[in-house]
Amino acid sequence: MEPMLKVKDLAVSYGHVDALRGIDIQVEKGQIVSIIGANGAGKTTLLRTISGLVKPKAGAIEFEGQPLPRKPSKIVGAGVVHVPEGRKCFSGLTIRDNLLVGGYLFKGADLEKDLQDQYKRFPILESRKDQFAGTLSGGEQQMLAVARGLMSRPKILLLDEPSMGLAPIIVNQIYDLIREIRDSGITVLLVEQNARKALGICDYAYVLENGKINLSGSGEELLRSDAVRKAYLGG
Amino acid sequence: MSLQVIINGIATGSIYALIATGFALIFNILKFSNFSHGATMTAAAFVAYFLVSSKGMGLVPTLAVAGLAGALIALFGEFVGFRRILKNHSAPTYFFVSSITLGTLYEGLVTIKAGSNFFNFPSFFAEPTVGVGSLVISTSDLVMFAISAVALLVLAFIIQKTRIGRALRAVSFDRDTAQLMGIDSTRIIQVAFVVSGILAGFAGVFLGIKYTLYPTLGSLVVKGFIASVIGGLGSLTGAVVGALLLGILETILLAVLGSGYSTIAVFGVMLVFLLIRPQGIAGSNVQEKA
Ligand SMILES: Nc1ncnc2c1ncn2[C@@H]1O[C@H](COP(=O)(O)OP(=O)(O)O)[C@@H](O)[C@H]1O
Ligand SMILES: [Mg+2]
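Read on for an overview of the structure. Here the structure is a predicted model, which is why all the values come from computation and not from measurement. (Residues numbered from 1 in each chain as written. Chains lettered and ligands numbered in written order. Predicted model: local features only at pLDDT ≥ 70, side-chain atom pairs only at ≥ 80, totals over all residues. Heavy atoms only, no water.)

### Considerations on the coordination of the magnesium ion (ligand 2)
Part 1: Every protein donor of the magnesium ion (ligand 2) is listed here as T44(A) (OG1) and E85(A) (OE), and their distances to the metal cover 2.0 Å. On the criterion of sequence distance, the pair formed by T44(A) in helix α1 (residues 43–50) and E85(A) in the loop between β6 (80–83) and α3 (95–102) is long-range, its members being 41 residues apart. (Donors = N, O, S within 2.8 Å, 3.2 Å for Na, K, Ca; no water. Helix = DSSP H or I, 4+ residues; strand = E, 2+ residues; numbered from the N terminus.)

See the structure below:
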């Protein structure tokens, strides 16, 4: 079967600095695929390139067998939805407005139903819906960022370091949520520095180092590999 | 202090509020000051004067044409002056240069057509004043206040309650992240320019009614600029409050000190205010880029 998302020989540079070179990645429908790598490896750049915020220097991105549109707004419309690093909630907008902005491409009864679905999934967001997003804790903001992403009706959700800066117990909640999202039929591309967590949850993983994919395999394979253990799991 | 003076002040302040919000809308979304806003006001008012008012048509068609002209001029400015700069993430200085250049261009075009003459809008109202109890209010002040108030309330409703308004706020907050929600930020920036242009057109006509129409009328934009700084750059509500305070302060000082010293005193008071509270009334901490 054709993979859902296919990144082929992708290269990205910022001015004269190469951030990504020769990236080949495939994501099968219904799976969780992880990309792990150290700070500065190029993980965020990869997601921003897929979601159209950064223009590639070379290479191609295909989604469901078609070239992905180039404009970010069209890419979201195609079902590729990116929850950015650092949550990026609109802190001066209410929680409800954050969610409605997430559902920008939908209107009327559809939008209202999606909103109620997210309130059901995240009761904390409903109970505080008229407060500014900036008043939420880090973990709650991550929930809001994911809920806002789900409001865009993704076929594939790109998550950039959802565990960043969160207490272990909250990280576990987030990972339960990621599993739940996958089980509801949404494919997940998960980017993490937290290699143990990301490899534990995924069906397949890639290791990104200095802008290049150096290793790939199933989560268990990589958890067992010496190279990964040394570099990412503390021996 | 007589109530009469306060009422005049509010009338003047409501025009400043139109200027200040038009200015603040663009500041919010691009984080730079659009120095062509004043010349946009003048140009739109002149277009309406020559096409409509001078042919004997009334205030409503004049405002409609001025609003339309302001919107088109602002759209032109967005496309020619700002879009490329934004796309290339160029230094803020370029915004400064291109907005000042555009403003000079508009003013130059107006001067070619109008010379350095003064033009009077025809008197739009049969009765120059209306009496409310013991107060005598100029009809034009009353109408300008009412129209400004309605325009600002409609704007507030759009920004707070509609889909496009939410998108505008999201793009103003974080352009990249808003795009990740499927929002076409270029389109939303165009909407902001259109709204800002309509407000500029209204303000231009009102200033023309109040002070006569002349090619450098747009320099009064500085009042709107001051109002939005006092209100707190980045806050539309703050801009309106700042504009009303400025209008009232000006009218009071004019009544007390006469026209010579009052202008100086107004700026003096504003400088002191900004020394005490540099973040303005609303106090948001937006950093100015240009
Ligand atoms: N906007 C930018 N301009 C210039 N260089 C950048 C920019 N964003 C990222 N980089 C550089 O690209 C490389 C990859 O960064 P990034 O994709 O953020 O990595 P990661 O998400 O894995 O930490 C780093 O060397 C970083 O300094
Ligand atoms: Mg990153």
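Resuming the write-up.
### Here's the deal with the packing of aromatic side chains
The relative placement of two aromatic rings is captured by the distance of their centres and the angle of their planes.
Part 1: Taken as a whole and assessed by the stated rule, the structure comprises 17 aromatic pairs over all chains.
Part 2: Considering the side-chain rings of F118(B) and Y214(B), the 5.1 Å spacing of their centres and the 40° angle between planes classify their relative orientation as tilted. On the criterion of sequence distance, the pair formed by F118(B) in the loop between α4 (92–114) and β1 (129–132) and Y214(B) in the loop between α8 (185–211) and α9 (221–231) is long-range, its members being 96 residues apart.
Part 3: Here a set of aromatic residues connected by ring pairs shows up, and it is made of F46(B), Y49(B), F50(B), F119(B), F121(B), F124(B) and F125(B).
Part 4: Across the ring face of Y175(A), the terminal group of K197(A) is positioned such that the distance to the ring centre comes to 5.4 Å.
Part 5: The ring of Y104(A) carries the charged tip of R163(B) above its face, separated from the ring centre by 4.1 Å. (Phe/Tyr/Trp six-rings, centres within 6.5 Å; stacked < 30°, edge-to-face > 60°. Lys NZ or Arg CZ within 6 Å of the ring centre and 35° of its normal.)

### So, the nonpolar core
Part 1: Formed by 79 residues in total, the largest nonpolar core has its most connected members in L18(B), I29(B), L30(B), I183(B), I188(B), V205(B) and L213(B).
Part 2: Sequence-distant contacts of L213(B), that is, excluding residues within four places in its chain, are made with A45(B), F46(B), Y49(B), N117(B), F118(B), F119(B), F121(B), G204(B) and G208(B).
Part 3: A133(A), M143(A), L157(A) and I181(A) belong to the second-largest nonpolar core, a separate cluster that totals 46 residues. (Core = buried A, V, L, I, M, F, W, Y, C linked by side-chain atoms within 4.5 Å. Buried < 20%, exposed > 50% of the residue type's maximum accessible area, 1.4 Å probe, protein only. Contact = heavy atoms within 4.5 Å.)

### Focus: the pattern of salt bridges
Residue and element names in this part refer to chain A.
Part 1: Going through the model one piece at a time under the given rule, you end up with 18 salt bridges over all chains.
Part 2: Residue D18 is joined to K57 by a salt bridge in which the shortest nitrogen-to-oxygen separation is 3.2 Å. Of this pair, D18 sits in strand β2 (residues 17–27) while K57 sits in the loop between α1 and β4 (58–63); the two residues are 39 residues apart in sequence, bridging distant segments of the chain.
Part 3: Since its relative accessible area comes to 39%, D18 is described here as partly exposed.
Part 4: On the basis of relative accessibility, which here comes to 54%, the residue K57 falls in the exposed class.
Part 5: A salt bridge links K43 to E161; its shortest N-O distance comes to 3.8 Å. (Salt bridge = Lys/Arg side-chain N within 4 Å of Asp/Glu carboxyl O.)

### Observations regarding the side chain of S196(B)
Residue and element names in this part refer to chain B.
Part 1: Summarising the element assignment, S196 is placed in helix α8.
Part 2: Using a relative accessible area of 2% as the deciding quantity, one classes S196 as buried.
Part 3: When sequence neighbours within four positions are dropped, the list of residues in contact with S196 reads G22, L25, I26 and H37.

### Remarks on the interface of chain B and chain A
Part 1: Facing the 18 residues of chain B at the interface are 24 residues of chain A.
Part 2: Per-residue buried area on chain B facing chain A is highest for R163(B), L180(B) and M181(B); these three make up 37% of the total on that side.
Part 3: Connecting chain B to chain A are three salt bridges.
Part 4: When the shortest N-O distance is used, the salt bridge between D184(B) and K71(A) registers 2.9 Å.
Part 5: In this assembly, chain B and chain A are joined by four residue pairs in polar contact (both at pLDDT 80 or more). (Buried area = accessible area lost by both parts, 1.4 Å probe. Polar contact = N/O pair within 3.5 Å; in protein donor to acceptor, adjacent residues only side chain to side chain.)

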